[in-house]
Amino acid sequence: DESLVSEEQLAKATADLGYELIIHQKSEVNYEKIKLIVSVVLIIVLMYFSMGHMFGIEAGPYNHYIQLILTVVIFILHFHYFRSGFRSLILLHPNMDSLVFLSSSVSFLYSLFALYKIHVAHDHSYHLFFETGAMILVIVSIGKYIEGENKKKTTKTIRGLATLRPMQANLLKD
């Protein structure tokens, strides 16, 4: 009820729990969908550079740095997982965002270490896993997007069914 709680109070309470309140409006552009499409395109390009050597495709001398840049862009697009996951861990209430935050961060940090070892220490026994952290973010985002769309459809269907109920009923007694 808008008379009891303001949007600001609701947003603050939601943020204190480690989540972000998103208020949907009818005429709003679907930024989540655009962000998801951009992420999928970027992850395909990232997979080309990280896995191309398996198919005989040479990516060039700057392959590792291109992987790093693409991963950072995907991480920026999905930074809300890091903010929410870190906050949930600090509050000792881990959730799925915490798992996404930890797995993406660890693969990224290991890849940074491996990149250092490869290019500075000239130790080529290390492998990069930039695509792993980025792929985790994109796959989870796709799942959440599909879940959200299904919730919208289900809610719309239930509201439609609720309008079909009769306004009055007749009681027949023997």
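Everything here concerns the structure above.
Residues numbered from 1 in each chain as written. Predicted model: local features only at pLDDT ≥ 70, side-chain atom pairs only at ≥ 80, totals over all residues. Heavy atoms only, no water.

1. A look at the nonpolar core
Applied cut-off: Residues grouped as a nonpolar core are buried Ala, Val, Leu, Ile, Met, Phe, Trp, Tyr and Cys residues, joined through side-chain atoms within 4.5 Å. For each residue, the accessible area found with a 1.4 Å probe, counting protein chains only, is set against the maximum for its type, and the residue is called buried under 20%, exposed over 50%, and partly exposed in between. Only DSSP runs of H or I with at least four residues qualify as helices, and only runs of E with at least two residues qualify as strands; both kinds are numbered from the N terminus onward.
Counting residues in each nonpolar core, the largest one holds 22 residues, and the members touching the most others are Ile43, Leu46, Ile74, Leu128, Phe130 and Leu137. Of all the secondary structure elements, the ones that give two or more residues to this core are helix 2 (31–51), helix 3 (63–77), helix 4 (79–90), helix 5 (96–119) and helix 6 (130–163).

2. Examining the packing of aromatic side chains
Spelled out, the test is: Ring geometry is summarised as follows: Phe, Tyr and Trp rings, the Trp one being its six-membered ring, pair when their centres sit within 6.5 Å, and such pairs are stacked at plane angles under 30 degrees, edge-to-face over 60 and tilted between the two.
According to the stated counting rule, one finds nine aromatic pairs in the structure shown. A ring pair is formed by Phe75 and Phe82, whose centres lie 5.0 Å apart and whose planes are at 40°; its orientation type is tilted. As far as the burial class goes, Phe75 and Phe82 line up, both buried. Between Tyr110 and Phe129, the aromatic rings sit 5.9 Å apart at their centres with planes inclined by 40°, giving tilted as the arrangement. Of this pair, Tyr110 sits in helix 5 while Phe129 is found in the loop between helix 5 and helix 6, placing the two residues 19 residues apart along the sequence. A relative accessible area of 36% places Phe129 in the partly exposed class. Counting every residue linked through ring pairs, the aromatic cluster contains Phe75, Phe79, Phe82, Phe86, Phe101, Phe108 and Phe130.

Interpretation note: all reported values are geometric properties and have no functional meaning in isolation.
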